[in-house]
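# Reading the structure
Residue-level listing of the chains:
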Amino acid sequence: MSQQASVSSICSPLPAFEVRQLSFRYDSVRSRPPGDRSNWVINGMELTIRQGEIVGVIGPNGSGKSSLLKLLTKLVRPQEGTIRLFGAELGALSRESISRQVAYMPQDLSYDFPFSVLDMVLMGRFPYRRSGLWNLVGWERQEDLAVAEEAMAQTDVTHLANRMIATLSAGERQRVLLARALAQVPRVLMLDEPTAHLDLNHQLDVCRILQRVHAQLQMTVLLVSHDINLASQYCDRILVMKQGTVVCIGTPQDVIHPRVLTEVYGCQVLVDTHPDTGLPRVSLPAQDRHQTVAASGML
Amino acid sequence: MIVHPSPSQTSMSDPPPTAPPVPMRMYEGMASWQALRARRWYAVIGVMMLLTCGAIVFCLQFGAHALTMAEVWSALTFSTAGREDVARVIIWDIRFPRILMGLFVGASLAITGAALQALVRNPLADPYVLGISSGAALGATIGLALGLGAIVGGLGLPLFAFIGGGVSIVLVYGIASSQGQLPMHQLLLAGVIVNAVCSALMMFATSILNPASLYRVVLWLMGTLSAPSIPALIGIGACLLIAIVLLLRESQALNLLAVGEDAACSLGVDSDRVQRTVFLVSAVLTGAVVSVSGMIGFVGMVVPHVVRILCGADHRLLLPVSALGGGILLMVADTVARTIVAPAEIPVGVITALIGGPFFIYLLMTRKYRFFA
């Protein structure tokens, strides 16, 4: 443990996240007998995320991907283990100071209240608000508007500024949420399924924006996705999770391997290379379908 | 107002030091946004305050004894010292306290309604959803049943109501936060349950009351602003002022919570603290209001919706505008209630619903309102 700490301090810059022996479960520990180690959502996880890399998190449903993101943003607290954010103990940091460094884009938000796109993006400036006696309600200052405007330009939603959020398409909403996250001026961007429910074109939009932002601002990006091909194309490293543990982490070429994926997902997969990028590409084999057809034919 | 140079011009102000190290691009939209936000807030609040003052003066004219505008004005400015004492007594001793009470009660109901709708993320929420009102009603009924309504110089009834409201606040809060946190669905359920239990107990109490006391309970339940005592007026005014300050401080946090709790927390909102604050402030204010004026319906639920249609969902604007709008609605409704069948009176809740309902329906049908669309 001390060896690892000294190594990380020599290799500057500091890692964005350093996770050691992390264990977490949702229910309270009180109700369990001591020594019971079942139902961990995250179980003894070790992980280091370097500054400025794009890391994709993949794994089957219930493998703890979303919980990992929540732990890393201190939305939930772990029962065991430590998380360090740029060298600082996450548990000791205030929510506000975390939110100035880490932006989290959740999977689902409520669009019931008639907020405008500009309202939404400006919410990203909340960690920087300065309210006082003369500014009780915490109005944004000019610099907040400038940052929000820049963020909206980066995700191409400027023309939507005065539209109501409920009237937008799913792709536009996702870009607005991305703008809101960028308005936080974070060092780390965390995205939970940013391309879920989007058509191909909008998936491409979101990914291109992510790449552009990453290149321009040297942001560390952590994204959870069910789309392995997308992760393969856009991520520097891929983290494969199963039952709350790290199965492996590495470059797409190393990790996206039929043996790994079969072990994790429990089904046969084909991996070939993408004709343009040369990166690994995943598809489901045809025999599964044949087997199903054969099985139904036997009935 | 700063005029932003067009991109072709070279004189561009440096971005502030905390802005990201990327070149700032200016374009036409931004100037109007800035104008739209802080300035719009002052403009809208200013207009609403003027409207409120106008409504107060307007309402002073009407009543069982109609006064002319000139009489009202001279009585208000004390320019007729010694003469026309009738008008002055009517205005200062009778109408002004009552109108002020209407303003305070309407403002309290509307601002708590707006805050609670955001807190529990439910468009049907109103100040009475937390079960505080039933507790207060039960307290008042018990006070009347015991024949203690007239103690402490007529303040007995509000006092009992406030105690009842306080007990139900503790109950609702205790039930909802029994597992450490304060989940909003549990808060709603706890409110509904306490409401039901208190209503049942109140029905039992009314069934054994004598007819005279029963009539007072029924009148009180319908809600009335008549003959407010000065201590009650000061008490409500103080509660309202503190509540407005506390709620406005949390208004941006309420915006974030209305969109999503996890996302709000990741932006630095201490959701637990904000939710507890908003609940307690709303509950105490509701308890105080119900104690002095009974249950006046409609204002707390509909005024926030009307304001959202007209001004948007930003709680920094929504909360104060709702307060002033609710105050105006209740003042005007009460004036109608005490005028049209004078010297008798109609319960003011009837008028709020009859004025507010059609207006709300008109807005719903003509504007694109997308709350829970």
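Definitions and cut-offs
- Residues numbered from 1 in each chain as written.
- Chains lettered and ligands numbered in written order.
- Predicted model: local features only at pLDDT ≥ 70, side-chain atom pairs only at ≥ 80, totals over all residues.
- Pairing = 2+ DSSP bridges.
- Helix = DSSP H or I, 4+ residues; strand = E, 2+ residues; numbered from the N terminus.
- Axes fitted to C-alpha atoms, helices over the stretch in contact; angles between N-to-C directions.
- pLDDT = per-residue confidence, 0-100.
- Contact = placed C-beta atoms within 7 Å.
- Parallel < 35°, antiparallel > 145°, perpendicular 65-115°, else oblique.
- Left-handed = near helix turned anticlockwise from the far one by under 90°.
- Nonpolar A, V, L, I, M, F, W, Y, C, P; charged D, E, K, R; others polar.
- Buried ≥ 20, exposed ≤ 12 C-beta atoms within 10 Å, placed from the backbone.

All names here are of chain A. With respect to topology, 6 strands assemble into an open sheet ordered β6-β7-β8-β3-β9-β10, the strand pairing being mixed. One side of each edge strand has no neighbouring strand; the edge strands of this open sheet are β6 (102-105) and β10 (245-250). Here the average twist between neighbouring strands, direction ignored, is 15°. The sheet contact formed by strand β9 (residues 237-242) and β10 spans 5 bridges and is antiparallel. In the strand pairing of β10, L239 is matched with I249.

Bringing the sheet that holds strand β1 (residues 17-24) of chain A into the picture now. The strands that make up a sheet pair up through hydrogen bonds in the backbone, lying either parallel or antiparallel. All names here are of chain A. An order of β2-β1-β4-β5 is seen for the 4 strands of this open sheet, with the pairing classed as antiparallel. Of all the strands in the sheet, just β2 (42-49) and β5 (88-89) have a single pairing partner and so form its edges. Of the pairings in the sheet, the one linking strand β4 (residues 80-85) to β5 comprises 2 bridges and is antiparallel in character. Among the inter-strand pairings, R84 is bridged to a residue of β5, identified as E89.

With that out of the way, let us pick up the confidence of the model for chain A. Across chain A, pLDDT averages 84, with 87% of residues at or above 70. Low confidence marks residues 1-10 of chain A, where pLDDT is under 50. Its contacts with residues over four positions away, or in another chain, come to 3 contacts.

Our next topic: the confidence of the model for chain B. For chain B, per-residue confidence averages 80 on the pLDDT scale, and 84% of positions sit at 70 or higher. Both confidence scores are given for the complex: pTM 0.83, ipTM 0.83.

Moving on: the packing of helix α5 (residues 156-176) of chain B against helix α6 (residues 184-207) of chain B. Residue and element names in this part refer to chain B. Contact geometry for α5 and α6: axes closest at 8 Å, N-to-C directions at 140°. Regarding the angle of α5 to α6, the classification is oblique. As α5 runs across α6, the sense of the crossing is right-handed. Counted together, S168, L171, V172, I175 and A176 of α5 and Q186, L187, A190, G191, V194 and C198 of α6 form the full contact between these two elements. Residue composition of the contact of α5 with α6, by class: 8 nonpolar, 3 polar and no charged.

Our focus in this paragraph is the environment of V240 of chain A. Residue and element names in this part refer to chain A. Positionally, V240 belongs in strand β9. On the neighbour-count criterion, V240 (26 C-beta atoms within 10 Å) is buried. Separated by 24 residues in the primary sequence, V240 and V264 place their C-alpha atoms 8.1 Å from one another. If near-sequence neighbours (up to four positions away) are discounted, V240 is found in contact with I58, G59, V247, C248, V255, V260 and V264.

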